[in-house]
Amino acid sequence: MPLSRHPFARFSLHQIRILAVSLLGGMLLASASAQAEEASNARWVSDSLTTYVRSGPTDGYRIVGTLTSGAKVQLLSTQGDYSQVRGENGSAVWIANRDLQDVPGQTERLPQLEQKVTELTTQLNGIDASWKSRVQGMQETLDSRKSLIDELQTARAAQEIELNQARSELREAQAQLGDENKRVLTRYMVYGGSIAGAGLIVGLILPTMLRVRRKRNDNWV
């Protein structure tokens, strides 16, 4: 086909690129909308052993098979007490509304719950180990402080004993000093009395001796 007759011949290259991007964006939006709608229409077969499915939306329709407990299906439509769903095999069947639920079944949730329990157990073990380490550290600190207090109390008791001994020695020294002072005072008194007595004697004897000597001197003359 000649280029002049091509449907996009009247568009420039830039306009063609914009049109292509717009078409690609629209396709992506449509795909995202379809996925969101599919996610919102997700259902799970209730947790019974088996669930019968029928070819129509009433109990009068024949049973065409069963669905396994916890199986994930896609909700297509709802009519009365029945809903049309699409199973994993791609076939559309009708199932009673009472046999559908909006949350995953126990079979699907059990691994998640087990993983959650494992995570919580790990966290609890970590917390327990952390608390044990902290308690051990606090216990060691408490023991260290208790040991220090015991040492200080022992040192204080020893200092009190030394202080009492020093006080006793001081009292003894003060008593000895008092006795020594008394002895020194007594000695001073004795010495003083002796000196005073000697002076008194000298004072009495010396004038007499002088008078006697004068009389002798007078007689010689």
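Residues numbered from 1 in each chain as written. Predicted model: local features only at pLDDT ≥ 70, side-chain atom pairs only at ≥ 80, totals over all residues. Heavy atoms only, no water.

**Notes on the overall build of the chain**
To keep it simple, the criterion reads: For helices the rule is a DSSP run of H or I covering at least 4 residues; for strands it is a run of E covering at least 2, with both sets numbered from the N terminus onward. Each residue is assigned to one of three classes by its accessible area relative to the maximum for its type, calculated with a 1.4 Å probe on protein chains only: buried under 20%, partly exposed between the two thresholds, exposed over 50%. Should any heavy atoms of two residues lie within 4.5 Å, those residues are considered in contact. Calculation of accessible area relied on Shrake-Rupley with a 1.4 Å probe; when residues are assessed, cover is drawn exclusively from the protein chains displayed.
For the chain, the count of helices and strands is two helices and seven strands. Put simply, the chain runs from its N terminus to its C terminus through helices and strands in the order α-β-β-β-β-β-β-β-α. The proportion of buried residues among the 221 residues of the chain is 14%. Partitioning the intrachain contacts of the chain with sequence separation of at least 6 by distance along the chain shows that 44% fall at a separation of at least 24. If you sum the accessible surface of the chain, you get close to 18200 Å²; carbon and sulfur atoms cover 58% of it.

**Focus: the nonpolar core**
Our working definition: To form a nonpolar core, buried Ala, Val, Leu, Ile, Met, Phe, Trp, Tyr and Cys residues must be joined to one another through side-chain atoms within 4.5 Å.
One finds Val 53, Leu 67, Val 73, Leu 75, Val 85, Val 93, Ile 95 and Leu 100 forming the largest nonpolar core, which totals eight residues. Looking at this core, the elements that each hand over two or more residues are strand E4 (72-79) and strand E6 (92-96).

**A look at the pattern of salt bridges**
Note the threshold: By definition, a salt bridge exists where a carboxyl oxygen of Asp or Glu is found within 4 Å of a side-chain nitrogen of Lys or Arg.
For the structure shown, the criterion picks out one salt bridge. Here Arg 156 makes a salt bridge to Glu 160, at a shortest N to O gap of 3.4 Å. On the criterion of helical spacing, the pair formed by Arg 156 and Glu 160 is a turn pair, its members being four residues apart in helix H2 (residues 106-220). Accessibility expressed as a relative area gives 57% for Arg 156, which makes it exposed. Judged by relative accessible area, which is 41%, Glu 160 ranks as partly exposed.

**Looking at the pairing of strand E5 (residues 82-86)**
One face of the sheet, then the other: side chains in a regular strand alternate in exactly this way. Note the threshold: At least two bridges found by DSSP between two strands is the condition for calling them paired.
Strand direction decides the pairing type here: E4 and E5, joined by five bridges, are antiparallel. Along E5, the bridge assignment pairs Gln 79 with Tyr 82. Counted along the chain from E4 to the antiparallel partner E5, the turn is two residues long, and its residue Gly 80 has a positive phi close to 65°. Judged from the five bridges that link them, E5 and E6 form a sheet pairing that is antiparallel. For Gln 84, the partnering residue across the bridge sits in E6 and is Trp 94. Linkage of E5 to E6, two consecutive antiparallel strands, is achieved through a turn of five residues, within which Gly 90 is found at a positive phi near 90°.

**Overview of the packing of aromatic side chains**
What counts is decided by this rule: By convention, a stacked pair of Phe, Tyr or Trp rings (six-membered ring in the case of Trp) has centres within 6.5 Å and planes under 30 degrees apart, an edge-to-face pair has planes over 60 apart, and any other such pair is tilted. Lysine and arginine charges are scored as sitting over a ring when NZ or CZ, respectively, is within 6 Å of the ring centre and within 35 degrees of the ring normal.
One pass over the full model with this rule turns up zero aromatic pairs. Arg 134 extends its terminal NZ or CZ atom over the ring of Trp 131, reaching a point 4.6 Å from the ring centre.

**What to know about the environment of Ser 55**
On the secondary structure map, Ser 55 appears in the loop between strand E2 (50-54) and strand E3 (63-68). If near-sequence neighbours (up to four positions away) are discounted, Ser 55 is found in contact with Tyr 61, Arg 62, Val 64 and Trp 94.

**Details of a nonpolar patch on the surface**
Let me state the cut-off plainly: Patch membership requires more than 30% relative accessible area and the absence of a salt bridge. Residues of like charge join within 9 Å; the nonpolar side chains Val, Leu, Ile, Met, Phe, Trp and Tyr join within 5 Å.
A contiguous nonpolar surface patch, about 520 Å² in accessible area, is contributed by Leu 124, Ile 127, Trp 131, Val 135 and Met 138. Turning to its location among the elements, Met 138 is positioned in helix H2.

**Notes on the environment of Lys 72**
Relative to the elements of secondary structure, Lys 72 occurs in strand E4. Spatially, the C-alpha atoms of Lys 72 and Val 85 are 9.7 Å apart, while their sequence positions differ by 13 residues.

**Some words on the confidence of the model for the chain**
Here is the rule: pLDDT is defined as a per-residue confidence score from the predictor, taking values between 0 and 100.
With 70% of its residues at a pLDDT of 70 or more, the chain shows a mean pLDDT of 76. Of all helices and strands in the chain, the one with the weakest mean pLDDT is helix H1 (residues 13-40) (59), whereas E5 scores best (93). Counting interchain partners and residues more than four positions distant, the pLDDT-below-50 stretch residues 1-9 has six contacts.

**Looking at the environment of Pro 57**
By secondary structure assignment, the location of Pro 57 is in the loop between E2 and E3. Between the C-alpha atoms of Pro 57 and Thr 78, which are 21 residues apart in sequence, the distance is 8.4 Å. Not counting chain neighbours up to four residues away, the residues in contact with Pro 57 comprise Gln 79, Tyr 82 and Trp 94.

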